[in-house]
Amino acid sequence: MKREAKQQMEKLTLSTKEHGRTWFGVLIDNQNKLLASSFSKSQKNLVRHLRADSPGKLIEGFTTESNVALNEMIDLYDGRRTTNKVRLDWEGVSEFEKSVCQVMKEIPKGKVASYGMLAKLIRSGPRAVGTGVARNPWPLFVPCHRVVPSSLEIGNYSIGGALSDYGCEVKRDLLAREGVPIDGDKITSKALWVPTRA
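Conventions we followed
Residues numbered from 1 in each chain as written. Predicted model: local features only at pLDDT ≥ 70, side-chain atom pairs only at ≥ 80, totals over all residues. Heavy atoms only, no water. Helix = DSSP H or I, 4+ residues; strand = E, 2+ residues; numbered from the N terminus. Rg over C-alpha atoms; globule rule 2.2 N^0.38 Å. Buried < 20%, exposed > 50% of the residue type's maximum accessible area, 1.4 Å probe, protein only. Contact = heavy atoms within 4.5 Å. Areas by Shrake-Rupley, 256 points an atom, 1.4 Å probe, with all protein chains shown as cover. Lys, Arg positive; Asp, Glu negative; His and termini not counted. Charge placed at Lys NZ, Arg CZ, Asp CG, Glu CD. Core = buried A, V, L, I, M, F, W, Y, C linked by side-chain atoms within 4.5 Å. Polar contact = N/O pair within 3.5 Å; in protein donor to acceptor, adjacent residues only side chain to side chain. Pairing = 2+ DSSP bridges. Axes fitted to C-alpha atoms, helices over the stretch in contact; angles between N-to-C directions. Parallel < 35°, antiparallel > 145°, perpendicular 65-115°, else oblique. Nonpolar A, V, L, I, M, F, W, Y, C, P; charged D, E, K, R; others polar.

Participant: Give a detailed account of the overall build of the chain, specifying residues and quantitative values.
Facilitator: When helices and strands are counted, the chain shows seven helices and 10 strands. Taking 16 Å as the expected radius of gyration for a compact globule of 198 residues, we find that the chain reaches 16 Å, a close match to that expectation. Dimensions along the principal axes, computed over C-alpha positions, put the chain at roughly 45 × 40 × 30 Å. Here the chain, with 198 residues, has 44% of them falling under the buried criterion. Taking contacts inside the chain between residues at least 6 apart in sequence as the whole, the part at least 24 apart equals 61%. For the chain, the exposed surface amounts to about 10300 Å²; the carbon and sulfur share of it is 48%. When the 31 positive and 22 negative side-chain charges of the chain are each reduced to one mean point, those points stand 2 Å apart.

Have a look at this one:
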């Protein structure tokens, strides 16, 4: 059964929670897996963004899984360790996007990788990888904020589905909380991740 048809029949739970003047949101499917996550300064924008990712019938509320996901997301945002109990719903991503997300999950906390490095790992082009990074449905759970341009500048970051200067500030703060050394407007080269696989 195709994912779209499956989602039309299932009920999806959309849950939001405020923490430190930032709203966090998760979309949980019938199998208690995370379909999408996002965060924003505006609860309204956050809900609108998550609704766009939800072709199924939405129920706004809380479940055990959505509470776990929201709390883990806030811990990730604050740079704390998590229990890593959230299961991702991989059915909705293409094989290419899945390969990009899986390699992003390998980037350790306190390190960054360039689009070119990821492209080399999955044998693709940096521009295609950039598109895959931008389509990450699970910000923070899959650390797309750890992917930067080869110049080691902070680069762009989408908040609640929209790029902005504020997104760049958030990305910088996320990396700093994770212990990534930043000098001025650039990340220092010692923060570059060196993959152990070829």
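Participant: Summarise the environment of T63; cite the residues concerned and give the values.
Facilitator: Along the chain, T63 turns up in the loop between β4 (57-60) and α3 (64-77). Judged by its relative accessible area of 24%, T63 is partly exposed. Distance in space between the C-alpha atoms of T63 and R135 is 26 Å, their sequence separation being 72 residues.

Participant: Report on the nonpolar core, specifying residues and quantitative values.
Facilitator: With 37 residues, the main nonpolar core has F39, M104, L118, L140 and F141 as its most contacted residues. Elements represented by at least two residues in this core include exactly β2 (22-28), β3 (34-40), α3, α4 (95-106), α5 (115-122), α6 (126-134) and α7 (165-177). The dominant element in this core, judged by the number of residues it contributes, is α3, at six residues. Each residue touching M104, except ones within four places of it in the same chain, is listed here: L118, V133, N136, V142, P143, C144 and V147. Formed by 10 residues, the second largest nonpolar core is a distinct cluster that contains L14, W23, L35 and L50.

Participant: Can you explain the side chain of S15? Please cite residues and give values.
Facilitator: Along the chain, the position of S15 falls in strand β1 (residues 11-19). Engagement of the side chain of S15 in a polar contact is seen with the side chain of S66, the distance being 2.9 Å. Discounting residues that sit within four places of it in the chain, S15 has contacts with F24, G25, V26, G61, F62, S66 and L70.

Participant: Lay out the pairing of β2 with the relevant residues and their values.
Facilitator: Burial within β2 is extensive, with seven of its seven residues counted as buried. Neither face of β2 is open: one carries T22, F24, V26 and I28, the other W23, G25 and L27, and all of them are buried. In the sheet, β1 pairs with β2 via seven bridges, with the strands oriented antiparallel. In the strand pairing of β2, H19 is matched with T22.

Participant: If you had to explain the packing of α4 against α6 to someone new, which residues and values would you point to?
Facilitator: Packing of α4 against α6 brings their axes to within 9 Å, and their N-to-C directions diverge by 80°. Put simply, α4 runs roughly perpendicular to α6. Contacts between α4 and α6 pair F96, V100 and M104 from the former with A128, V129, G132 and V133 from the latter. Considered class by class, the residues forming the contact of α4 with α6 number six nonpolar, one polar and no charged.

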